Amino acid sequence: MKKRVSSILVAGTMAAVMLAGTVTVSAEGRTFKILSMWAEDDGDSGSILKNVTENYKAENPDFEYEIEVVSSDNLKQKIATLAASNDLPDVFAYDAGTPLIDLIDSGLVANVSEKLDALGVAESLDAGAVGFLKRLSLTEELYDLPLGQNIEGFWYNKELFAQAGIETPPVTWDEMLADADKLMEAGIQPFAVGGADQWPATRWLNAYVMRKGGVDFMDKAYAGEVKYTDDVLVEAAAAFQDMVNKGYFGEGATTVDYNTAANMIMAGEAAMLYNGSWYVGQLNSDTNPAGADGVGFFNIPEVEGGVGTITEYSMNCGTILAMAQDKYDEVSDGWLSYFVTHVGEYAMTEQGSFRGYAVEMPEDASAYTKLIAEELTKVTGSSTWFEAAMDSELSQIAQENVQSLMNGEMSPEQYAESLQEIYDAAH
């Protein structure tokens, strides 16, 4: 994945791709149904999905669609219910990796590679994003569409660092903890975390695990090659719990949602946030109180005695979009062709964000967008997120119990054992 940005910044391709990707069909009497987990005006993925689809409708007045929004907590159950009744929507948000594999094996989702090739628009997707999604689904063909091409790491408020006398971002985990102590001494909350949404907390576990045990540790755990009770994961859980106990995340960390945590960094209410490069969409907003260059980024610091290196990044392609196989028709062709040939440019123009599509980065791109483009050139290896290889039940337990870990209701050992118990019961 080294130099991945070279495949993102594809100059001069968009005009040809968009010409090839124009498909117009009659949609009279047909309502194209989309299931989303994002508010339609969220300024991020929800806005992109809504507005690109609305732009397609503007060019195709007969096209009728509706978007249903469910919470991220209820998405998997919603899809399971619809799949059981053979009533999946035309397009739906879902998790890449093991959850999607189950739908692929059941023949419920369309082979996107075949559809894009037939439409002549396959080159609209970034090759790096395609390769990453195929890796997650363990397939040679593509069965989902990316809604992001993200690296993950720590975002920090530069002014708060300066107030605490921190001149450069940390490179080691111990340095990061020392910086947290400096911030505490200066009366500044070191970290924000969206513990109420659970997944931002498990991202912390993954960050430590990939530095201590390597980028493939969680894949090995699900393959049965190492146990979830291994010292690596227990140590990660203990490190995270200790940080919570020291007050690094403020009071009531499990009650703070993701959006609040993200806003806290921009507003100067906390100094650091573990987050993905999708955050750029918010940082580029005119309403960002930190301004056009007030927030910086550093990769996950190295852990003493760990095998992970500073040029390995946790990466993902966001929550993906899949298309129902039995609903796929000419209307689906029209939407798909338009979406893949327009979404990359829309996201770059409106949000300055990378979405896994071939685009040319404009010369006047923001400092935040350029920052991520530069980070992408440093990637020499990658990890997926904590639950990427887990099945739905195991993933649910990992996220539900992380709040108990944070609140001290579970010890690090008990948290790890809860994962192993679920895994053993299924295998």
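A quick note: this is a predicted structure, and the numbers were derived from the prediction, not measured. The residue count restarts for each chain, going from 1 along the sequence in the order it is written. Confidence filtering applies because this is a predicted model: local features only for residues at pLDDT of at least 70, side-chain atom pairs given and counted only at 80 or more, and all residues used for totals across whole chains, interfaces and linings. Side-chain metrics rest on all non-hydrogen atoms present in the structure, leaving aside hydrogens and water.

A. The arrangement of the overall build of the protein chain in detail. Secondary structure follows DSSP: runs of H or I at least 4 residues long count as helices, runs of E at least 2 residues long count as strands, and numbering of each begins at the N terminus. Helix and strand counts for the protein chain come out as 18 helices and 10 strands. Over its C-alpha atoms the protein chain spans a radius of gyration of 21 Å, differing by no more than 12% from the 22 Å that the globule rule assigns to 427 residues. Considered along the principal axes of its C-alpha atoms, the protein chain spans approximately 65 × 55 × 35 Å. Sorting the 427 residues of the protein chain into buried and exposed places 57% on the buried side. Two residues qualify as a contact provided that any one of their heavy atoms is within 4.5 Å of a heavy atom in the partner residue. Put simply, of all contacts in the protein chain between residues at least 6 apart along the chain, 78% involve residues at least 24 apart. What sets the accessible areas is the Shrake-Rupley method with a 1.4 Å probe; for residues, cover comes only from the shown protein chains. Accessible area of the protein chain: about 16800 Å², with a carbon and sulfur share of 46%. The averaged location of the 68 negative side-chain charges in the protein chain is 4 Å from the averaged location of its 24 positive side-chain charges. Our radius of gyration looks at C-alpha atoms and nothing else; its globule reference is 2.2 Å times the residue count to the power 0.38. Exposed residues in this analysis have more than 50% of their type's maximum accessible area, buried residues have under 20%, and partly exposed residues fall in between, with area computed by a 1.4 Å probe over protein chains only. Only four residue types enter the tally: Lys and Arg on the positive side, Asp and Glu on the negative side; His and the chain ends are excluded. Where a charge lies is defined by one atom per residue type: Lys uses NZ, Arg uses CZ, Asp uses CG and Glu uses CD.

B. Highlighting helix 15 (residues 330–351). Helix span, as expected, comes to 1.5 Å for every residue beyond the first. Here helix 15 is 22 residues long and its end C-alpha atoms lie 30 Å apart, about the 32 Å a rise of 1.5 Å per residue gives. Summarising burial for helix 15: 17 of the 22 residues are buried, a large majority. The N-cap of helix 15, judged by a side-chain oxygen 3.0 Å from the amide nitrogen of V331 a few residues on, is D329. Backbone geometry just after helix 15 places G352 at a positive phi near 65°. Pairs of N or O atoms are called polar contacts if they sit within 3.5 Å, as long as, within protein, a hydrogen donor faces a hydrogen acceptor (for residues adjacent in sequence, only side-chain-to-side-chain pairs).

C. Seen up close, the packing of aromatic side chains. Between rings of Phe, Tyr and Trp, where Trp is taken as its six-membered ring, a pair exists when centres lie within 6.5 Å; planes separated by under 30 degrees are stacked, by over 60 edge-to-face, and by other angles tilted. Evaluated as defined, the whole model comprises 28 aromatic pairs. On the basis of an interplanar angle of 35° and a centroid distance of 5.5 Å, the ring pair of F191 and F249 is categorised as tilted. Of the two residues, F191 sits in strand 5 (residues 191–192) while F249 sits in the loop between helix 12 (231–245) and helix 13 (258–266), which places them 58 residues apart along the sequence. Here the two residues F191 and F249 agree in accessibility, since each one is buried.

D. Inspection of a negative patch on the surface at higher detail. Here a patch means residues that are over 30% exposed by relative accessible area and free of salt bridges, tied together within 9 Å if like-charged and within 5 Å if nonpolar (Val, Leu, Ile, Met, Phe, Trp, Tyr). Think of a salt bridge as a Lys or Arg side-chain nitrogen and an Asp or Glu carboxyl oxygen that are within 4 Å of each other. A grouping of E114, D117, E140 and E141 is seen on the molecular surface, where their side chains present a negatively charged patch. Relative to the helices and strands, E140 is located in the loop between helix 7 (127–137) and strand 4 (150–157).

E. Spotlight on the packing of helix 12 against helix 18 (residues 412–426). Fitted lines through C-alpha atoms serve as axes, helices being fitted only where they are in contact, and the angles separating the N-to-C directions of these axes extend from 0 to 180 degrees. Packing of helix 12 against helix 18 brings their axes to within 8 Å, and their N-to-C directions diverge by 135°. Taken together, the axes of helix 12 and helix 18 are oblique relative to one another. Regarding helix 12 and helix 18, the two cross each other, and that crossing is right-handed. Facing L233, V234, A237, A238 and Q241 of helix 12, the residues of helix 18 in contact are P412, E413, Y415, A416 and L419. Any angle between 65 and 115 degrees counts as roughly perpendicular, while under 35 counts as roughly parallel, over 145 as roughly antiparallel, and the rest as oblique. Left-handed describes a crossing in which the near helix is turned anticlockwise from the far one by less than a right angle; the clockwise case is right-handed.

F. Focus on empty space enclosed by the protein. Here a cavity denotes grid points, spaced 1 Å and computed from the protein atoms alone, that fit a 1.4 Å probe unable to get out, and a pocket denotes an open set having protein on both sides within 12 Å along at least 5 of 7 lines; residues with an atom within 4 Å of a point are the lining. Grid points are joined across faces, edges and corners, and a volume is the space filled by probe spheres set on the points. Summed over all chains, the structure comprises 1 cavity of 30 Å³ or more. If you add up the space inside the largest cavity, you get close to 40 Å³.

G. Broad picture of the environment of V280. Mapped onto the elements of the fold, V280 is located in helix 14 (residues 280–283). Once the C-alpha coordinates of V280 and F386 are considered, the two residues, 106 residues apart in sequence, prove to be 22 Å apart.

H. Layout of the layout of surface pockets. As a volume, the largest pocket reaches approximately 1500 Å³. The wall of the largest pocket is formed by 47 residues, among which M37, S72, D95, W199 and T319 lie closest to the centre. Secondary structure elements with two or more residues in the lining of the largest pocket: helix 4 (72–84), helix 5 (98–105), helix 10 (199–212), helix 13 and helix 17 (392–407). Counting residues per element, the lining of the largest pocket draws most heavily on helix 4, which supplies 9 residues. In this model, the second largest pocket occupies a volume close to 380 Å³. Lining of the second largest pocket is provided by 21 residues; of these, G281, Q282, N284, S285 and E350 occupy positions nearest its centre.

I. Molecular detail of the nonpolar core. Residue types Ala, Val, Leu, Ile, Met, Phe, Trp, Tyr and Cys, when buried and joined through side-chain atoms within 4.5 Å, form a set referred to as a nonpolar core. Grouped together as the largest cluster of nonpolar side chains are 88 residues, with contacts concentrated most on L145, L321, W335 and F339. Element by element, the count of residues in this core is highest for helix 15, at 10 residues. Residues in contact with L321, not counting those within four places in the same chain, are W38, L49, V91, F92, A93, D144, L145, L147, W335 and F339. Core analysis: the second largest hydrophobic core is formed by 58 residues, V234, F249, A389 and Y423 among them.

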